[in-house]
Amino acid sequence: MNWSCLVKELEQNVDWNDSTYRDSKVVEEILKTFGRHPEEIQSRCQQILRDEELLNQYEPHMNYPRITMDKFMIYMHPEDLFRIRIHRFKHKKLNGETSAKVHSHKWLYSTLILKGAYRDTSFRIADIDEEKRTAKLELIGNRLLQEGDTHSGQLDVAHQTINESDSEHCLSLFVRGKTMMPAARIYQPEQGTFYPTFGAREQLRVGLEHIGNLNPNFH
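So, here is what we can say about the structure in this document.

The rules behind each value
- All residue numbers refer to positions counted from 1 along the written sequence of the respective chain.
- For this predicted model, a pLDDT threshold of at least 70 governs which residues receive local features, and a threshold of 80 or more governs which side-chain atom pairs are given and counted, while totals over whole chains, interfaces and linings are taken from all residues.
- The side-chain figures draw on all heavy atoms in the structure; neither hydrogens nor water molecules are used.
- Each helix corresponds to a stretch of at least 4 residues labelled H or I by DSSP, and each strand to a stretch of at least 2 residues labelled E; elements are numbered beginning at the N terminus.
- Note on definitions: a residue-residue contact is assigned when non-hydrogen atoms from the two residues lie within 4.5 Å.
- Criterion for a disulfide: a pair of cysteine sulfur atoms at a distance within 2.5 Å.
- Throughout this description, buried means an accessible area under 20% of the type-specific maximum (1.4 Å probe, protein chains only), exposed means over 50%, and partly exposed covers the range between.
- Two strands qualify as a pair provided DSSP detects at least 2 bridges between them.
- With axes taken as lines fitted to C-alpha atoms, and helix axes fitted only over the stretch in contact, angles between N-to-C directions fall between 0 and 180 degrees.
- Expected helix span is computed as 1.5 Å times (number of residues minus one).
- Comment: arc refers to directions from the helix axis out to C-beta atoms.
- By nonpolar core is meant a set of buried Ala, Val, Leu, Ile, Met, Phe, Trp, Tyr and Cys residues that side-chain atoms within 4.5 Å join together.
- The salt bridge definition used is simple: a Lys or Arg side-chain nitrogen within 4 Å of an Asp or Glu carboxyl oxygen.

## Here's the deal with the side chain of Thr-197
Piece 1. If you trace the backbone, Thr-197 turns up in strand 11 (residues 193–197).
Piece 2. Setting aside residues no more than four positions away along its own chain, Thr-197 makes contact with Ala-183, Ala-184, Arg-185, Ile-186 and Gln-203.

## What about the state of the cysteines?
Piece 1. Within this structure, the stated rule accounts for 0 disulfides.
Piece 2. Unpaired in terms of disulfides, Cys-5 finds its nearest cysteine sulfur in Cys-45, a separation of 18 Å.
Piece 3. Residue Cys-5 is classed as partly exposed on the basis of its relative accessible area, which comes to 37%.
Piece 4. Cys-170 forms no disulfide, and the closest cysteine sulfur to it belongs to Cys-45, at a distance of 16 Å.
Piece 5. Residue Cys-170 is classed as buried on the basis of its relative accessible area, which comes to 0%.

## Brief notes about the sheet that holds strand 1 (residues 69–76)
Piece 1. Spatial ordering of the open sheet is given by 1-2-9-4-7, a layout of 5 strands whose pairing is antiparallel. One side of each edge strand has no neighbouring strand; the edge strands of this open sheet are strand 1 and strand 7 (150–153). If you compare each strand with its neighbour and ignore which way they point, the axes differ by 25° on average.
Piece 2. The pairing of strand 4 (residues 109–115) with strand 9 (residues 170–177) spans 6 bridges and is antiparallel. In the sheet register, Thr-111 faces strand 9, and the bridge partner there is Phe-174.
Piece 3. Of the strands in this sheet, strand 1, strand 2 (82–89) and strand 9 are in contact with helix 1 (residues 3–12), which crosses strand 2 at around 120°.

## Let's talk about helix 3 (residues 39–50)
Piece 1. Between the first and last C-alpha of helix 3 there are 17 Å, a value that for 12 residues agrees with the 16 Å anticipated at 1.5 Å per step.
Piece 2. Residues of helix 3 that are buried: Glu-40, Ile-41, Arg-44 and Ile-48. Here the buried residues of helix 3 occupy an arc of 105° about the axis, which is enough to place them on one side. Exposed and facing more than 90 degrees away from the buried side of helix 3 are Gln-42, Leu-49 and Arg-50.

## A word on the nonpolar core
Piece 1. Counting 27 residues, the largest nonpolar core has Leu-10 and Ile-84 as the members making the most contacts within it.
Piece 2. Mapped onto this core, the elements with two or more residues apiece are helix 1, helix 2 (26–34), helix 3, helix 4 (52–58), strand 1, strand 2 and strand 9.
Piece 3. When sequence neighbours within four positions are dropped, the list of residues in contact with Ile-84 reads Trp-3, Leu-6, Leu-10, Phe-72, Met-73, Ile-74, Tyr-75, Leu-173, Phe-174 and Val-175.
Piece 4. Val-102, Ile-125, Leu-137 and Tyr-187 belong to the second largest nonpolar core, which has 8 residues in total.

## Concerning the pattern of salt bridges
Two side chains with opposite charge may pair up if their charged atoms get near one another.
Piece 1. Evaluated as defined, the whole model comprises 9 salt bridges.
Piece 2. The partner of Lys-90 in a salt bridge is Asp-70, and the shortest N-O contact between them spans 3.4 Å. In this pair, Lys-90 is assigned in the loop between strand 2 and helix 5 (92–95) and Asp-70 in strand 1, connecting sequence segments 20 residues apart. Grouping residues by exposure puts Lys-90 and Asp-70 together as buried.

Everything listed here is a matter of coordinates, which is why it stays silent on function.
Structure below.
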């Protein structure tokens, strides 16, 4: 499967409005097939590097360097039905043994591990109070995802991803669907609380509003 076929499969054979699509594992099967052709990822990245307009378009949606996970955008659907990214989960020696926070997303997603491994711990959001920003989480499962494994996430499930290796980074091919909720959330299970997070521009607005009031206590 080449790059064009991957995009076509995700565009034509996935119902991105269906919040239960993960149950059919349709995206995971597409990723598994595409994952047999890693040269297509290299070709796509080279295409972006040669195209300044495309690079400028994707740059605001990339995050590198980050402490625990670098995020590289390699495709955005014109109608934003889905986006394709490469994630690099850093090993402990590089990230200072910092752990990713427990979080939930505002869209559905599927991922394929290309190299290395990470542990995914998932929690059901059992009870939540939006006004008080309190939440009760219940452990669902704990799974080590290794090279070749796939996984999909739901809107009502929070998770935590940790690369447990001291020396090996983990690379994943990640596809996220359309935005289906106003914000993602960061959970603090020990306190039973959470706070919302937004896209880069909206999060910047939140920060500037608090900073303008000389209030240092914000997320």
